[in-house]
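Structural characterization, general
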Amino acid sequence: MLSIKNLTASINGTPVLKGIDLEIKAGEIHAIMGPNGSGKSTLGKVLVGHPAYEVTGGTVTFEGKNLFDLEPDVRARAGLFMGFQHPIEVPGVSNAAFLRLAYNKKAEAEGRDELDPLEFDDFIHEKIKLVSMKEAFLDRSLNEGFSGGEKKRNEILQMAVLEPKLAILDELDSGLDIDALRVLGDAVNKLMRPDHALLVITHFPRILETIRPQFVHVLSGGRILKQGGPGLAIELEERGYDWVVEEAAPGGHR
Amino acid sequence: MTVAAPSSLLADLLSGPRPTEWEAPRLAAEARLAGRELPTPRDKGWQYTDLASLSRTPFTPAPEATADISGDLLPEMVGTRQVFVNGRYAPHASCVSALPPGLRFLPLTLASEACHCLGTLAPETARSPFEDLNTARFEDGALILVPKNLRATLPLHLLFVTRVEHPSAVFPRVLIRLEAGAELSLVEEHTGQGPYLTCPVVEIQVGEGAILRHERIQRDHATAVHMTTLRATVAQGGQYHSRTLTFGARLSRQEPSVRLAEGAEATLDGLALLGDGQVADTHSFLHHAEPHGTSHQLHTCVVDGQARAVFNGQIRVAPDAQGTDAQQKSRNLLLSGTARVDTEPQLEIYADDVKCTHGAAVGQLDPDEIFYLQSRGLDLEAARNLLTYGFAADLLERIPVASLRRALRRLVLARTHASALGDLA
Ligand SMILES: Nc1ncnc2c1ncn2[C@@H]1O[C@H](COP(=O)(O)OP(=O)(O)O)[C@@H](O)[C@H]1O
Ligand SMILES: [Mg+2]
């Protein structure tokens, strides 16, 4: 589904990603872990086309297409989604109207019928149950004045509405208490399908107890230093990240 | 060197017959206008708004006309509406069957008591020539009197329609008085067709503890000119809350001035949505004359094309007005490289124990917000339009009349090219 080869990217002229290789197939759940500042969010934002980052080398294909040929909105309609670490507030735009618009843009692109406001009401009702959101949040402006946790909930609501093929979830657990994390983790699991895939970006292994990856990659200094199975997350939980970095350093043993 | 020819606009408009009622104030206004010229960019307060095009246009008094207003009716106010066409009361378009007993809402020409009110409800500040022109030549207008402690549940609708084929002028006049403890919501709307000049004057007196909520909607024709003066005095503990929405007219100027007595409260919000070559100028004056008054002012402009928005927010806190709380904010969105905004606060604070905040921001759409919407599948144009709509529509959310709120959302959707995004309203 997603194939990343030797990807390098920089921001304001500073290299941040220094050669990333990653393959994600349908049905798989991957986790990217790593210390703060290692480039995890950058990787996600480069994939969804954030204009602040410059791709300096490498290739990425998504569903057989060159990702970098596609505008961010085209990538989204093609089934790529990122739940952001810090979602933006948009005053004056009602959450419900925005969600319906996003849904209809995707439906239109896929040649499905658009939903009118009444039909969408029924549709969104099911979705907000899935993420245990209060109805009142639909009438509020998009993310405006939402707490950190409410914003994360809203990101997963958007994911539930768009049903992306590949969802990248960046630090979903930041700002969430344990109960909310479980609710949203369960929601993400319910949205997962055999023809979908997930890329979970996290500094803390906690979320991986609910959303269980088959593959774990450790990112540090813009490179993937180590790859492993679910056991690697547990090891990182116990030992932290330093040993991975030391092991990978020149002179260290692999 | 060329010298601009003296404006003949004022003289032209005064050359017509003087209406017979209210002769004394009309003569006084004519006397003040004698020998006066229209302001030029050299005059203080007019440096950004050039009236040259106005002085070159041969305006005459607007002829009588009729208008179909069925599209402008608001269901909440079908029985509490007065309509004026070309400055004259239109009895067949008006209906006041749902007025609460005791509330007086009638055309000035039928209101003998209005005679005492004219020019006295709110003490004058600097008079613009357009206000004097109005006093000298207004044909009709509305009188609203709300007796002591009457809380009107239905809002009133005041609709001024102007339909002309040749450059013509109208002078709507509105007198509003709320006695102590009274409460009222008013929607004042200006609309029309053709190259007219309208110079509305609104005088307001809010009594002790009374509350007036005032929505002012200017959707005049694209070739029209709108020059309006509003003067309000708010007595002890009274409240005046207004929201002025500017959509139409090629050239417009709002001059609201509000005087606050002890513990009085005022809101003076504004939205201007401008495109093409429109010029919209707001020069406001908030006078905290006595202690413990509160004022809020949020002025929002969305400017596209070669349009230009001007905002000058004067706030005066008198030496006695201790404990004043005045907040002013000006936020502006420029949608094109040729759009312009000139915004400045003008604070005159003569008391020491006051809280006065002001801020102004002029900018473009936030690239992070655009990207966020794009990342959810909205194309660039849809994302930009939706954000523009949001910037403007933020101010509509607090409009108390549901049908009006919906209608204005649709208007803002259309003006921000967001209609294509579906029925967001
Ligand atoms: N907008 C930006 N401007 C400058 N530097 C940035 C910006 N965004 C990220 N960086 C830098 O890129 C590196 C990686 O950041 P990020 O991808 O956010 O890391 P992570 O998500 O792993 O914590 C950090 O050194 C950070 O300081
Ligand atoms: Mg991060």
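For the rest of this paragraph, the subject is the sheet that holds strand E1 (residues 2-11) of chain A. Residues and elements named next belong to chain A. Across the sheet, which stays open at both edges, the four strands sit in the order E2-E1-E4-E5 with antiparallel pairing between neighbours. A single partner strand is all that each edge strand has here, and the edge strands are strand E2 (14-24) and strand E5 (65-66). As defined by bridge partners, E1 adjoins E2 across eight bridges and the pair is classed as antiparallel. Its bridge partner lying in E2, Ile 11 is registered against Thr 14. Sheet strands in contact with helix H1 (residues 40-48) are E1, E2 and strand E4 (53-62), and its direction is about 110° off that of E1.

The subject of this paragraph is the domain arrangement of chain B. Residue and element names in this part refer to chain B. Each assigned domain of chain B is listed here: domain 1 (10-261) and domain 2 (368-425). Taking the mean C-alpha position of each, domain 1 and domain 2 sit 30 Å from one another. Facing the 13 residues of domain 1 at the interface are 13 residues of domain 2. Interface of domain 1 and domain 2: buried area, both sides summed, is about 1100 Å²; carbon and sulfur atoms make up 75% of it. In terms of surface lost to domain 2, no three residues of domain 1 exceed Glu 76, Arg 243 and Phe 247, which account for 48% of the buried area on that side. On the surface where domain 1 and domain 2 come into contact, there are zero salt bridges. Our count for the domain 1 to domain 2 interface comes out at four residue pairs in polar contact (both at pLDDT 80 or more). In terms of residue count, the dominant contributor to the side of domain 1 that touches domain 2 is strand E12 (residues 211-219) (three residues).

Glancing now at the sheet that holds strand E10 (residues 197-202) of chain A. Residue and element names in this part refer to chain A. In spatial order, the strands read E6-E9-E10-E3-E11-E12; together these six strands make up an open sheet with mixed pairing. Sheet topology places strand E6 (80-83) and strand E12 (223-228) at the edges, where each strand pairs with a single neighbour. Between one strand axis and the next, the sheet turns by 20° as a mean value, whatever way the strands run. Note that strand E9 (residues 166-170) and E10 share five bridges and pair parallel.

Residue and element names in this part refer to chain A. Across all of its chains, the model carries 33 salt bridges over all chains by this definition. When the shortest N-O distance is used, the salt bridge between Glu 23 and Lys 5 registers 3.7 Å. Placement of Glu 23 in strand E2 and of Lys 5 in strand E1 is noted, with a sequence separation of 18 residues between them. The exposure class assigned to Glu 23 is partly exposed, which follows from its relative accessible area of 40%. Lys 5 sits in the partly exposed class, given a relative accessible area of 44%. For Arg 239, the salt bridge goes to Glu 235, with nearest N and O atoms at 3.0 Å. Placement of both Arg 239 and Glu 235 in helix H8 (residues 230-239) is noted, with a separation of four residues, approximately one turn of the helix. When its relative accessible area of 28% is taken as the criterion, Glu 235 is described as partly exposed. What emerges from the salt-bridge pattern is a single network uniting Lys 127, Glu 163, Arg 193 and Asp 195.

Before going further, it helps to spend a moment on helix H4 (residues 117-130) of chain A. Residues and elements named next belong to chain A. An ideal rise of 1.5 Å per residue puts 20 Å on 14 residues; H4 measures up with 20 Å between its terminal C-alpha atoms. Those residues of H4 that fall on the buried side of the exposure criterion are Phe 120, Phe 123, Ile 124, Lys 127 and Ile 128. On its buried face, H4 sits against helix H3 (95-109), helix H5 (136-139) and helix H6 (148-162). The N-cap residue of H4 is Asp 116: its side-chain oxygen and the backbone nitrogen of Leu 118 are 3.0 Å apart.

For the rest of this paragraph, the subject is the pairing of E9 of chain A. Residue and element names in this part refer to chain A. Most of E9 sits out of view: five of its five residues are buried. Burial of the side chains of E9 extends over both faces: Leu 166, Ile 168 and Asp 170 are buried on one face and Ala 167 and Leu 169 on the other. Bridging between E6 and E9 involves four bridges; their strand directions are parallel. If you follow Met 82 over to E9, its bridge partner there is Ile 168. Running through helix H7 (residues 178-191), the crossover from E9 to the neighbouring parallel element E10 is right-handed.

Residue and element names in this part refer to chain A. Taken together, the residues surrounding ligand 1 are Ile 11, Asn 12, Val 16, Pro 35, Asn 36, Gly 37, Ser 38, Gly 39, Lys 40, Ser 41, Thr 42 and Tyr 53. At a separation of 3.2 Å, an oxygen atom of ligand 1 approaches a polar backbone atom of Ser 38. Lys 40 has a polar backbone atom sitting 2.9 Å from an oxygen atom of ligand 1. Taken by itself ligand 1 offers 550 Å² of open surface, and the protein chains cover 58% of this. Ranked by residue count, the leading element in the shell around ligand 1 is H1, at three residues. Per-class residue counts for the shell around ligand 1 are four nonpolar, seven polar and one charged.

Quick look at the coordination of the magnesium ion (ligand 2) now. Residue and element names in this part refer to chain A. Within the protein, the magnesium ion (ligand 2) binds to Ser 41 (OG) and Gln 85 (OE1); these donor distances fall in the range 2.0 to 2.3 Å. One end of the pair, Ser 41, is in helix H1; the other, Gln 85, is in the loop between E6 and strand E7 (90-94), with 44 residues separating them in the sequence. When its relative accessible area of 19% is taken as the criterion, Ser 41 is described as buried.

All names here are of chain A. By the element assignment, Glu 28 lies in the loop between E2 and strand E3 (29-33). Summary of buried charges: Glu 28 has no salt-bridge partner, and the nearest side chain of opposite charge, Lys 25, is 4.7 Å away. Side chain to side chain, Glu 28 and His 30 meet in a polar contact 2.7 Å long. With sequence-adjacent residues up to four places away left out, Glu 28 is seen in contact with Glu 23, Met 192, His 196, Ala 197, Leu 198, Gln 214 and Phe 215.

Even without being glycine, Asn 143 of chain A reaches a positive phi, approximately 65°. Relative to the assigned elements, Asn 143 of chain A resides in the loop between strand E8 (141-142) and H6. In the Ramachandran plot, Trp 22 of chain B falls in the positive-phi region, its phi being about 55° despite a non-glycine side chain. Turning to its location among the elements, Trp 22 of chain B is positioned in the loop between helix H1 (9-15) and helix H2 (23-33). Residue class for Trp 22 of chain B comes out buried when judged on its relative accessible area of 10%.

The rules behind each value
- Note that residues are indexed from 1 along each chain, following the sequence as it is written.
- Both sets of labels track the order of writing: A upward for chains, 1 upward for ligands.
- Local features are withheld for residues below a pLDDT of 70 in this predicted model, meaning they are given only at 70 or higher, and side-chain atom pairs are given and counted only at 80 or more; totals for whole chains, interfaces and linings count all residues.
- Excluded from the side-chain calculation are hydrogens and water; included are all heavy atoms of the structure.
- Any two strands with at least two DSSP bridges between them are considered paired.
- In this description a helix means any DSSP run of H or I spanning at least four residues, a strand means any run of E spanning at least two, and both kinds are numbered starting from the N terminus.
- By definition in these notes, contact holds between two residues if any of their heavy atoms fall within 4.5 Å.
- All axes are obtained by fitting lines to C-alpha atoms, using only the stretch in contact for helices, and the reported angles, taken between N-to-C directions, cover 0 to 180 degrees.
- The split of the chain into domains comes from an automatic or database domain assignment.
- Once two parts are joined, some of their accessible surface, as seen by a 1.4 Å probe, is lost; buried area is that loss totalled over both.
- Each reported salt bridge corresponds to a side-chain nitrogen of Lys or Arg within 4 Å of a carboxyl oxygen of Asp or Glu.
- Polar contacts, as counted here, are pairs of nitrogen or oxygen atoms within 3.5 Å of one another; within protein the pair requires one atom able to donate a hydrogen and one able to accept it, and residues that are adjacent in sequence qualify only if both atoms are side-chain atoms.
- Partly exposed describes any residue whose relative accessible area lies between the buried limit of under 20% and the exposed limit of over 50%, with all areas from a 1.4 Å probe on protein chains only and scaled to the type maximum.
- Take the number of residues in a helix, subtract one, and multiply by 1.5 Å to get its expected span.
- Orient the strands so they point away from the viewer; a crossover is then right-handed if the path from the first strand over the helix to the second runs clockwise.
- Neighbouring residues are identified by heavy atoms, a residue being near a molecule or strand if any of them is within 4 Å of it.
- Note that accessible areas follow from Shrake-Rupley with a 1.4 Å probe, and for residues the cover is restricted to the protein chains shown.
- Under this grouping Gly is polar, as are all residues other than the nonpolar Ala, Val, Leu, Ile, Met, Phe, Trp, Tyr, Cys and Pro and the charged Asp, Glu, Lys and Arg.
- Note on donors: an N, O or S atom is included if it sits within 2.8 Å of the metal, or within 3.2 Å for Na, K and Ca, and water is never included, so sites can look incomplete.
- Neither His nor the chain ends contribute to the count of charged residues, in which Lys and Arg are positive and Asp and Glu negative.

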